[in-house]
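# Understanding the architecture of this molecule
Given next are the chains, with one letter for each unit.
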Amino acid sequence: MSEVFISRRIFSEAKEKLRENGIDFEINDTGEVLEKEALISGVRGKDGLLPLLNDEVDAEVLDASPELKIVANLAVGYDNIDVEAATERGIMVTNTPGVLTETTADLTFGLLLAAARRIPEADRYVREESWQGWELMQPQQGVDVYGKTLGIVGMGRIGTAVARRARDGFDMDILYYSRTRKEGVEAELGAEFVGLDELLEKSHYVSLHTPLTEETEGMISSRELSLMKDDAVLVNVARGPVVDEGALVEALRSGEIRGAGLDVFAGEPEVHPGLKEMTESVVLTPHIGSASRETRLKIAKMGVKNVLAGLAGDEPPNLVNPEVM
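Because the structure is predicted, anything quoted here is derived from the model rather than measured. (Residues numbered from 1 in each chain as written. Predicted model: local features only at pLDDT ≥ 70, side-chain atom pairs only at ≥ 80, totals over all residues. Heavy atoms only, no water.)

## Side note on helix H2 (residues 36–43)
Considered for burial, the residues of H2 that qualify are Leu39, Ile40, Gly42 and Val43. Buried residues of H2, seen end-on, are gathered within an arc of 160° and therefore sit on one face of the element. Turning to H2, the residues buried within the fold contact strand S1 (3–6), strand S2 (24–27), strand S3 (48–50) and helix H3 (59–62). Residue glycine 45 follows H2 closely and has a positive phi angle near 80°. (Buried < 20%, exposed > 50% of the residue type's maximum accessible area, 1.4 Å probe, protein only. Helix = DSSP H or I, 4+ residues; strand = E, 2+ residues; numbered from the N terminus. Arc of directions from axis to C-beta. Contact = heavy atoms within 4.5 Å.)

Now the structure itself:
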């Protein structure tokens with residue numbers, strides 16, 4: 001009987017699917033990230049691993065079990081896994097693309113609107129019973145979203161879904177910067193392909209949707225922030241290290257940009273203290289881009305489907321290193 005290690009608590013439906021297919025499993029049935037030694041201990045002797053994106057699966061973890069056949073990441077990104085080391089060992093690596101596109105796009109717009117219209121501040125204002133009634137010079141005056149310019153950095157599935165919401169729902173002009181030109185998006189949404197500097201200079205809102213690579217790490221830093229409009233809002237639902245958080249804090253403090261909506265952070269779960277101190281036009285959420293029950297369940301089921309295929313000797317549907325087959 002094959003055995004799998006699951007690094008964090010998971011939906012009962014996913015566990016039942018494993019049982020139905022004769023797969024035994026051991027699970028860290030908590031919400032706590034395992035220390036490396038505990039992760040290694042869990043992997044030892046297992047045929048498969050179901051980790052989350054904050055589990056670092058390096059060569060040392062992979063070597064914990066000579067029987068290991070597949071690492072099925074429960075996330076779209078897989079920069080937490082040493083894919084090269086896995087490939088050298090003949091271990092399959094899979095991810096869960098596609099299922100979280102619309103959910104993450106929803107949250108992107110939620111952060112954009114919350115920062116632009118200062119919704120969290122207004123909520124606290126009401127709860128603290130500070131509200132004395134309607135007035136023209138409302139303390140929580142924000143900025144409009146409708147009809148403005150949105151700059152999208154990374155026009156993949158999620159970036160495109162955000163662009164569609166912006167264009168169809170808010171009549172926004174769309175600028176985008178991406179590794180490759182997306183002529184289909186241009187035709188559908190009237191998006192304009194521009195350089196990063198031009199996008200930053202012209203956009204009222206900048207939304208980041210790039211993977212984390214050597215090229216994108218720290219791509220939004222002091223120089224880039226200085227190019228943005230002083231009433232601009234930066235939204236990041238990609239990966240925390242894409243943004244230099246220290247530079248962002250300074251840009252917000254100096255009024256170089258107006259605000260930010262952040263769902264990801266460089267040192268999760270730690271957040272730059274300067275960001276936590278800011279309450280005006282700055283919205284922080286704990287990496288909940290895909291956190292609807294429907295979507296997270298789809299992620300779990302897709303991960304299990306990948307594991308079952310790999311352990312059966314078949315090519316998993318979402319294999320990222322096909323050279324191992």
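## Topic: unusual backbone geometry
Keep in mind that most residues, glycine aside, have a negative phi and that most peptide bonds are trans. Note the cis peptide between glutamate 268 and proline 269, where omega equals 5°. Although it is not a glycine, serine 281 sits at a positive phi angle of roughly 65°. Exposure remark for serine 281: the relative accessible area of 2% places this residue in the buried category.

## Topic: the nonpolar core
Formed by 51 residues in total, the largest nonpolar core has its most connected members in Leu150, Ile174 and Tyr205. With 30 residues, the next largest nonpolar core counts Ala232, Ala247, Leu252 and Ile257 among its residues. (Core = buried A, V, L, I, M, F, W, Y, C linked by side-chain atoms within 4.5 Å.)

## Considerations on the environment of glutamate 20
Mapped onto the elements of the fold, glutamate 20 is located in helix H1 (residues 12–20). Judged by its relative accessible area of 55%, glutamate 20 is exposed.

## Here we look at the pattern of salt bridges
Taken as a whole, this structure holds 23 salt bridges when the rule is applied. The partner of arginine 165 in a salt bridge is glutamate 102, with the nearest N and O atoms 2.8 Å apart. On the criterion of sequence distance, the pair formed by arginine 165 in helix H7 (residues 157–170) and glutamate 102 in helix H5 (residues 101–116) is long-range, its members being 63 residues apart. Salt-bridge contacts for glutamate 250 lead to arginine 253; the nearest nitrogen and oxygen are separated by 3.3 Å. (Salt bridge = Lys/Arg side-chain N within 4 Å of Asp/Glu carboxyl O.)

## Points about the layout of surface pockets
Its boundaries defined by the atoms lining it, the second largest pocket holds a volume of some 260 Å³. Lining the second largest pocket are 15 residues, with Asn54, Asp55, Glu56, Val57 and Asn80 sitting closest to its centre. Of the residues that constitute the lining of the second largest pocket, the class distribution is six nonpolar, two polar and seven charged. (1 Å grid on protein atoms, 1.4 Å probe; cavity = no way out; pocket = protein on both sides within 12 Å on 5 of 7 lines; lining within 4 Å. Points joined across faces, edges and corners; volume = space filled by probe spheres on them. Nonpolar A, V, L, I, M, F, W, Y, C, P; charged D, E, K, R; others polar.)

## Details of the pairing of strand S10 (residues 233–236)
Side chains of S10 alternate between two faces, with Val233 and Val235 and Leu234 and Asn236 buried alike. Where strand S9 (residues 205–208) meets S10, four bridges bridge the pair, whose relative direction is parallel. The residue of S10 that forms the bridge with tyrosine 205 is valine 233. As a crossover connection, the stretch from S9 through helix H10 (residues 222–227) into S10 is right-handed. (Pairing = 2+ DSSP bridges. Right-handed = clockwise from strand over helix to strand, strands pointing away.)

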